[in-house]
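The chain contents come next:
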Amino acid sequence: MHRRINLSAIVAVFVIIFLYLPITAVVGLSFNKSSNSLIWKGFGLDWYKTIWSNEPIMSSFQRTIFVAVLTTVLSLIIGTTISIGLNKMKAGGFLRTFSTAPAIVPDLVLAIGLLTTFSTISMSLSLTTVIISHTVFCTAFVVAVVLARIGLIDPAIEEASTDLGASAVKTLFKITIPQLMPSLIAGAVLSFTLSMDEFVIAFFTNGPETPTLPMVIYSMIRFGVTPEINVLGTLLLVISFVGVILAQRIGKVADSI
Amino acid sequence: MSENLLEIRNLSKNFGSVAALNNISLDIKTNEMFALLGPSGCGKTTLLRIIAGFEYPDSGQVFMNQSDLLSIPTRTRPVNLMFQSYALFPHMDVFSNISYGLTNTSLSKEEISNQTFEIIEKIGLQDHVKKKPNQLSGGQQQRVALARAIARKPKILLLDEPLSALDKKIRQEMQIELKRIQHEFGITFIIVTHDQDEAISLANRIAVFDKGEIKQISTPQELYENPTNEFVANFIGDGNLLKATSTTTGFKHPALGEITVSHNYESGKQISLLIRPENISIVKVLDGSGEIVDSVFAGYRKNINIKLKNNEIVRVYADKSASLEIGDQVNLSFRPQDIRVF
């Protein structure tokens, strides 16, 4: 019996190494002094310093954050509205699946569909089209998360609010939304991180003058993996991790309320 | 007629093909403790939700002080509901829960605070003002729900199964408390319950519901002593309903034989006789009309089940010291005036 447990523990360790080795490599090599990322020439923060003066990278970074923030806000508003509506009309499985489907539609299919739509309505490609496109699939994730929570709220709580004289708007903001807070935070973090590192859809729906960070990284990779790419990878990783940890913290606080 | 606070006239409501309420009419008086009693699915909750404003009837009218109640929006009806699940706002403390209804009025912050603290004091929640609902016991949560529902000083307080979630000891405490508060605040209470003990112990009058219809409206005592139909006889209290045939002088029961009463009945009809357990006395004999099949000690008395010769079971209360054992043969006796006929 002991042997079997040990064996599975060993397998687990290997799986974890396999999962985290690439990430460790990116983070480790970002501190390489060498200009060729595959040759180690000692530890240093050189590339972290130079990256700030790299104008194309920094402006694409700003664009990416801008897109991610707007996508998050729009997805939250639209996704929460859809969830509340589906819950109120006691929608069945089909409508629920339909509302969350863009989350599982292959990115490529979604990207082609969006591109076709934009060209059909003669909308020129820009950051606006990227934001709209990201909102399409991020909304699906928000709906999935919020719908799971909203079903757990006792419908009598909203009725109690009405019974006590509150308007529908007051009930929404004072009763329903505070109850949904943990799922709204989870939905926001999901939207933000998904939008931030999204490549395929942005590649199809973005204009040529306003590349986002993943697009810039992709174009840089054609000349080999530079240490700057490792630095960018590490920064994206940190932002994602901080987001997830913050969400868990706030989520815990919101849950205990 | 002017003392009627609420007049319900010919109310009907269907959910699909199911009639939740079928032509209900009912008057409720000012300051009354009124209970809507019936098994689950009998329509009592639907009536409660119509009065509260969460459902709208298919036909019929509801008047409060002679004016149409149904045309008043839910938010502004002078009616509040204490939910079965309490439905406290989990993210708000006790003070905010209770003051919530007052924040939807034109009262100033100071007045809201004063009135809220006044209610908190009257309901005995002084030590819990800053607590969240999940930090309170079941009984305390119910007090908060009650305080919140009466904070707007409604003309009618609707209570949905108010005691069902509490354990026995707190139930008795809350029964007394509900009566005290009803008296102190002078609010008409309408209680929905499936529990006859709850209805009998709380209410001045009870409407017994079955399948969307009112079977009888009366005081608890009247319902117990003079039920007007078999459903009420069965639903209220412990009762023995025996199948018998009417004769010109009374009834004939297959095991108990001829029973003579002073009334004249049309002979040969199938009827049901209601006899309450406490109105039956039993005597041990060698060969009786029934046999004791069960005997349960219930504190101050024994609950005894007797199987009659025709296999009907009759329940009887006996003195706790009575020497009656399972298997004993007994004869039953009762006064004709204690029999109710359906």
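The present account deals with the structure reproduced in this document. (Residues numbered from 1 in each chain as written. Chains lettered and ligands numbered in written order. Predicted model: local features only at pLDDT ≥ 70, side-chain atom pairs only at ≥ 80, totals over all residues. Heavy atoms only, no water.)

**Quick look at helix α7 (residues 155-163) of chain A**
All names here are of chain A.
Logical step 1: Counted residue by residue, α7 has seven buried out of nine residues, so it is predominantly covered.
Logical step 2: Taken together, the buried positions of α7 are occupied by Ala156, Ile157, Glu158, Glu159, Ala160, Ser161 and Asp163.
Logical step 3: Positive backbone phi, approximately 95°, marks glycine 165, located one or two places after α7. (Buried < 20%, exposed > 50% of the residue type's maximum accessible area, 1.4 Å probe, protein only. Helix = DSSP H or I, 4+ residues; strand = E, 2+ residues; numbered from the N terminus.)

**A word on the environment of Phe137(A)**
Residues and elements named next belong to chain A.
Logical step 1: Checked against the element boundaries, phenylalanine 137 lands in helix α6 (residues 127-150).
Logical step 2: The spacing of phenylalanine 137 and threonine 71 is 66 residues in sequence and 9.8 Å in space, taken between C-alpha atoms.
Logical step 3: Those residues within four positions of phenylalanine 137 in sequence are excluded, and the remaining contacts are Pro102, Leu110, Leu194, Glu198 and Ile201. (Contact = heavy atoms within 4.5 Å.)

**As for the packing of aromatic side chains**
Given two aromatic rings, one states the distance between the centres and the angle between the planes to describe the pair.
All names here are of chain A.
Logical step 1: According to the stated counting rule, one finds twelve aromatic pairs over all chains in the structure shown.
Logical step 2: Arranged with centres 5.9 Å apart and planes meeting at 75°, the rings of phenylalanine 203 and tyrosine 218 form a pair that is edge-to-face. Of this pair, phenylalanine 203 sits in helix α9 (residues 200-205) while tyrosine 218 sits in helix α10 (residues 213-221), and the two are 15 residues apart along the sequence.
Logical step 3: With relative accessibility at 43%, the residue phenylalanine 203 sits in the partly exposed group. (Phe/Tyr/Trp six-rings, centres within 6.5 Å; stacked < 30°, edge-to-face > 60°.)

**Concerning the pattern of salt bridges**
Residues and elements named next belong to chain B.
Logical step 1: Inspection of the entire model under this criterion finds 20 salt bridges over all chains.
Logical step 2: Residue glutamate 177 is joined to arginine 180 by a salt bridge in which the shortest nitrogen-to-oxygen separation is 2.8 Å. Placement of both glutamate 177 and arginine 180 in helix α5 (residues 168-185) is noted, with a separation of three residues, approximately one turn of the helix.
Logical step 3: A relative accessible area of 12% means that glutamate 177 is categorised as buried.
Logical step 4: The class of arginine 180 is partly exposed, set by a relative accessible area of 31%.
Logical step 5: Notably, a salt bridge pairs lysine 309 with aspartate 287, separated by 3.6 Å at the nearest N-O pair. Here the residue lysine 309 occupies a position in the loop between β17 (301-308) and β18 (313-319), and aspartate 287 occupies one in the loop between β15 (281-284) and β16 (290-297), the gap between them amounting to 22 residues. Here lysine 309 matches aspartate 287 in class, with each residue exposed. (Salt bridge = Lys/Arg side-chain N within 4 Å of Asp/Glu carboxyl O.)

In short, geometric facts, not functional conclusions.
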